[in-house]
Amino acid sequence: MTVPSVLSIAGSDPSGGAGIQADLKTASALGAYGMAVITALTAQNTQTVAGVHEVSADSSRCRSTRSSPISRPMP
């Protein structure tokens, strides 16, 4: 039996409540292997977004094509 892989393409939320961090927590809770392509870096907390730095489309595209799901055995 293998673990399903999930590729999340989203921004990073350092507070962990949204974005890549939340997607990876959800994938793990559902028994999947989470992979990520970050499209934006944010400076924020649970109440305020202080800044956003977009990752270039070329960089995101390059990383997403190299993050193809890999079949992983169940632990």
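Described in the following lines is the structure provided in the data block. Within any chain, residue numbers begin from 1 and follow the written order of that chain's sequence. Totals for whole chains, interfaces and linings use all residues, but because this is a predicted model, local features are given only for residues with pLDDT of at least 70 and pairs of side-chain atoms are given and counted only at 80 or more. Side-chain calculation: all heavy atoms of the structure are included, whereas hydrogens and water are not.

Attention shifts here to the overall build of the protein. Helix and strand content of the protein: 2 helices and 5 strands. Moving toward the C terminus, one meets the helices and strands of the protein in the order β-β-α-β-β-α-β. Burial classes follow relative accessibility: with a 1.4 Å probe on protein chains only, a residue under 20% of its type's maximum area counts as buried, one over 50% as exposed, and anything between as partly exposed. Looking at the protein as a whole, 20% of its 75 residues qualify as buried. Under the DSSP-based scheme used, a helix requires at least four consecutive residues in state H or I and a strand at least two consecutive residues in state E, with every element numbered from the N terminus.

Right, let's talk about the sheet that holds strand β4 (residues 49–54) for a bit. Strand pairing is assigned whenever DSSP detects at least two bridges linking the two strands. The strand order across the open sheet built from 3 strands is β2-β3-β4, with neighbouring strands paired in mixed fashion. Both outer strands of the open sheet, β2 (5–12) and β4, are each paired with one neighbouring strand and no more. Sheet twist, expressed as the average angle between the axes of neighbouring strands with direction ignored, equals 30°. Taken together, the 8 bridges between β2 and strand β3 (residues 33–44) define a ladder with parallel strand orientation. Bridge pairing in β3 links L7 to M35. Only the stretch in contact is used when fitting a helix axis, every axis being a line fitted to C-alpha atoms; angles between N-to-C directions are given from 0 to 180 degrees.

Of the pairings in the sheet, the one linking β3 to β4 comprises 5 bridges and is antiparallel in character. Considered in β4, the bridge of A43 is made with G51. Between the end of β3 and the start of β4, which pair antiparallel, lie 4 residues.

Structurally, the position occupied by S12 is in strand β2. The class of S12 is buried, set by a relative accessible area of 12%. Reaching out from S12, the side chain makes a polar contact with the side chain of Q21 at a distance of 2.8 Å. Here, two residues are considered to be in contact whenever any of their heavy atoms come within 4.5 Å of each other. The contacts of S12, once residues within four sequence positions are left out, are Q21, I38, A40, L41 and T42. Whenever a nitrogen or oxygen atom comes within 3.5 Å of another N or O atom, the pair is scored as a polar contact, on the condition that within protein one atom can donate a hydrogen and the other can accept it, and that pairs from neighbouring residues in sequence are kept only if both atoms are in side chains.

Let us look at the environment of S15. Residue placement: S15 occurs in the loop between β2 and α1 (19–29). Put simply, S15 and Q44 are 29 residues apart on the chain and 6.9 Å apart in space, counted from C-alpha to C-alpha. In this structure, S15 is in contact with Q44, N45 and T46, ignoring residues within four places of it in sequence. Separated by 2.6 Å, the side chains of S15 and D13 make a polar contact.

Geometric values such as these leave the question of function open.
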